[in-house]
Every structure is written in C-alpha cells, then in structure tokens.
Amino acid sequence: MSSQPKIPAAPWRDPFVSDMQSMKSPTFTLSSLHQVSPASQSTQSPQFVPRARTVVYRGMWASLPPNSKNPASLNPNSYDTELPTITTDARMEKVSEMFPTGSKSSSMGGPIEAVFWATESMTQWRLKGRIFMIGPDIDSEQAASVRNALTPHMRKVGDIGPWSWSRELTAHFGNLNPLMRGTFRNPPPGTPITQAPEQGYVLGREVEDLEDAIARKNFRVLVIVPEDVDRVDLSNPKKGQRWNYKLNGGMSWEETELWP
C-alpha cells in the first residue's frame, strides 16, 4: 500500500455508520447523469438527463461488515474509510451511465449524488462526489490510478498481515448470499425475454463457488468518494438540525452547522 498522505477521518463518519447499522434495509437512492445520444437531441434538448435507482449500501470500502456466513478469505481489519460501497452487474445501464467511456475495467466514473433516509434516527444524508469501479483487474498496472485515488482515504488502524485489493473484491462477492451471487449469471439485464441468452446464463441459479467464472466476469464493486455531505436530523420536530461537511482541497473536512 502506498505511503500517500492520509485524509483525516471525516466528522460525519461515525453518525453515518451508526445510522446505516440501525436501518432494517440500508437502501438509498443513487443518482447520476445520462448522456443523451446525439441522434435523439434537438436544439432545445439537454445534453444530459438525470437517472436515479435504489441500491443497497454494502458497507465502507476496506471495512466490510462482519458476516459469519461469508465463505471468502478476508483481509485483516487494517483500514478505516468513509467510502460507501454498492455491488453491481457490469452489464447494468448504471455502469454505462456512470462510466461514460463504456469501460468495464477498474476506473473512475463521473459525478454522483446518494440520498439516504434513516427512518430510525429520522435523518437524511445527501452525499455528493465521484464514483469508482473495482473490477477483476484491480491489482493490475492499468488500475493503478484507481488504487492511487482511493488510498489516501484508507487510514491504517491495524497492522495484521498483508492486505489485497482483489481479496477485498472477492470478500464483497462472498458477502452476498448464493442466490444473490447467482444474479450475476442472469440473462443480460434489460434485453428482450424473446432473445435467448448465451449458454450458462439462467434466472434463479444459486452460486456457491466464489470463483465462478461467469458470475465473477460480471461482478463489480462501486465505491463512492464523497466530497460534500449534507446531514439533516429531524428527530426533534420542534428543532431540526443540519450540518454540511466539505472535503477541502481533497485533504481535510470542514464542518458547518446550517439552518435546517
């Protein structure tokens, strides 16, 4: 792991993680920009249009939540981050929307916004920043720019053996149940049902093998790098509270309390 300067822990991290742990189902809305194809544009049409989808929070990058049913070989608990993750199929439209070059490799994507509503604490979280894709090539030289961009956010909290990017990717795959792993062997998402899929692709298959070639070909982890965080606490209806946190110069967090 590189010795790049580390970004100090964000003041919003602990309350955010606490809210995620309190949620029965930690889902949130992830929004991005979709580029309109030139053929469909008129002189008054926008070049980009918004796209939003509901996704599942899978924990912070390099801080995977404990799961006794995860059969993967896990990294040591060496790092602490505030980089929320989701898992996705590389064939999904959101990948082509967030990574405009069409790359399915580990890469940096475009700007995104993530909105969480934590019912238990009556708190809304709005995270703005960029998104990165972690794929099977994450340990390669071609993916060095992704590793270099995420490393400053990874603060060492332990020193227990070597840590591997690809092992962390596999751990995320193992953290899913067998039926969910099997979705990465589904027919291509969004294609007509009359179109016969390639051999090996079928709905409802359970995958036990963490190195299943077809499923792992399509499996990706997306990592959100927040740059601006808005937190609104409505637990007291007579006195709401609101804070904004900005990552100044990409090196330190500034906290400002706002009127709700």
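Everything quoted here is computed from the prediction, not taken from an experiment.

Undergrad: Whenever I open this one, the overall build of the chain confuses me. Can you help?
TA: Within the chain one finds six helices and 10 strands. For 260 residues, the compact-globule estimate of 2.2 N^0.38 gives 18 Å, and the chain sits close to it at 19 Å. In terms of principal-axis extent, the alpha carbons of the chain reach across some 60 × 55 × 35 Å. Counting only residues that meet the buried cut, the chain has 46% of its 260 residues in that class. Taking contacts inside the chain between residues at least 6 apart in sequence as the whole, the part at least 24 apart equals 68%. In the form shown here, the chain has an accessible surface area of approximately 13600 Å², with 53% of it arising from carbon and sulfur atoms. The centroid of the 28 positive side-chain charges in the chain is displaced by 3 Å from the centroid of its 27 negative side-chain charges.

Undergrad: Explanation requested: unusual backbone geometry in the structure shown.
TA: For Ala62, which is not glycine, the phi dihedral falls at a positive 70 degrees. By the element assignment, Ala62 lies in the loop between β2 (48-56) and β3 (79-80). Its identity as a non-glycine residue notwithstanding, Met122 has a phi of 55 degrees, on the positive side. Within the secondary structure layout, Met122 lies in the loop between β5 (107-118) and β6 (123-134). A relative accessible area of 33% means that Met122 is categorised as partly exposed.

Undergrad: Got a minute to help me understand helix α1 (residues 13-22) in this structure?
TA: Since there are 3.6 residues in each turn of an α-helix, residues three or four apart along the chain are aligned in direction. For α1, every residue scored as buried is listed here: Arg13, Phe16, Val17, Asp19 and Met20. With its buried residues spanning 160 degrees around the axis, α1 presents them on a single face. Summarising the geometry of α1, the exposed residues directed more than 90 degrees from the buried face are Asp14 and Gln21. Where the residues of α1 are buried, they touch β3, β5, β6 and β7 (155-156).

Undergrad: Help me understand the nonpolar core, please; the structure alone is not making it clear to me.
TA: Soluble globular proteins: nonpolar side chains tend toward being buried together. Grouped together as the largest cluster of nonpolar side chains are 31 residues, with contacts concentrated most on Trp12, Phe16, Phe28, Leu30 and Phe116. Non-local contacts of Leu30, meaning those with residues more than four positions away in its chain, are made with Arg51, Ala52, Arg53, Val55, Ile86, Met98, Ile112, Glu113, Ala114, Ile131 and Ile224. In this structure, Trp61, Phe132, Met154 and Val207 belong to the second largest nonpolar core, which totals 27 residues.

Undergrad: Where do I start with the pairing of strand β1 (residues 27-35) in this structure?
TA: Look at any regular strand and the pattern is simple: side chains alternate between the two faces of the sheet. Bridging between β1 and β2 involves nine bridges; their strand directions are antiparallel. Within β2, the residue paired with His34 across the bridge is Val49. In terms of strand pairing, β1 meets β5 through three bridges, oriented antiparallel. Looking at the pairing, Thr29 lines up with Val115 of β5.

Undergrad: Hey, could you run me through the side chain of Thr81 in this one?
TA: Mapped onto the elements of the fold, Thr81 is located in the loop between β3 and β4 (85-89). Reaching out from Thr81, the side chain makes a polar contact with the backbone nitrogen of Leu83 at a distance of 3.4 Å. Non-local contacts of Thr81, meaning those with residues more than four positions away in its chain, are made with Arg13, Met60, Trp61, Ala62, Ser63, His153, Met154 and Arg155.

Undergrad: Where do I start with helix α4 (residues 165-174) in this structure?
TA: For α4, the buried fraction is high: eight of the 10 residues fall into the buried class. Those residues of α4 that fall on the buried side of the exposure criterion are Trp165, Glu168, Leu169, Thr170, Ala171, His172, Phe173 and Gly174. Tucked inside the fold, the buried residues of α4 contact β4, β6, α3 (144-150), α5 (178-182), α6 (213-218) and β8 (219-233).

Undergrad: Mind showing me how you'd approach the pattern of salt bridges here?
TA: Working definition: two side chains of opposite charge can pair if their charged atoms are close together. Within the structure shown, the criterion is met by 11 salt bridges. Arg216 is the partner of Glu211 in a salt bridge, and the nearest nitrogen-oxygen pair spans 3.8 Å. Given a relative accessible area of 12%, Arg216 falls into the buried group. Here Lys246 and Asp228 are joined by a salt bridge, their closest N and O atoms 3.0 Å apart. Here Lys246, found in strand β9 (residues 241-248), pairs with Asp228, found in strand β8; they are 18 residues apart in sequence, far enough to count as distant. Here Asp228 falls in the buried class, since its relative accessible area comes to 17%.

The rules behind these values
Residues numbered from 1 in each chain as written. Predicted model: local features only at pLDDT ≥ 70, side-chain atom pairs only at ≥ 80, totals over all residues. Heavy atoms only, no water. Helix = DSSP H or I, 4+ residues; strand = E, 2+ residues; numbered from the N terminus. Rg over C-alpha atoms; globule rule 2.2 N^0.38 Å. Buried < 20%, exposed > 50% of the residue type's maximum accessible area, 1.4 Å probe, protein only. Contact = heavy atoms within 4.5 Å. Areas by Shrake-Rupley, 256 points an atom, 1.4 Å probe, with all protein chains shown as cover. Lys, Arg positive; Asp, Glu negative; His and termini not counted. Charge placed at Lys NZ, Arg CZ, Asp CG, Glu CD. Arc of directions from axis to C-beta. Core = buried A, V, L, I, M, F, W, Y, C linked by side-chain atoms within 4.5 Å. Pairing = 2+ DSSP bridges. Polar contact = N/O pair within 3.5 Å; in protein donor to acceptor, adjacent residues only side chain to side chain. Salt bridge = Lys/Arg side-chain N within 4 Å of Asp/Glu carboxyl O.

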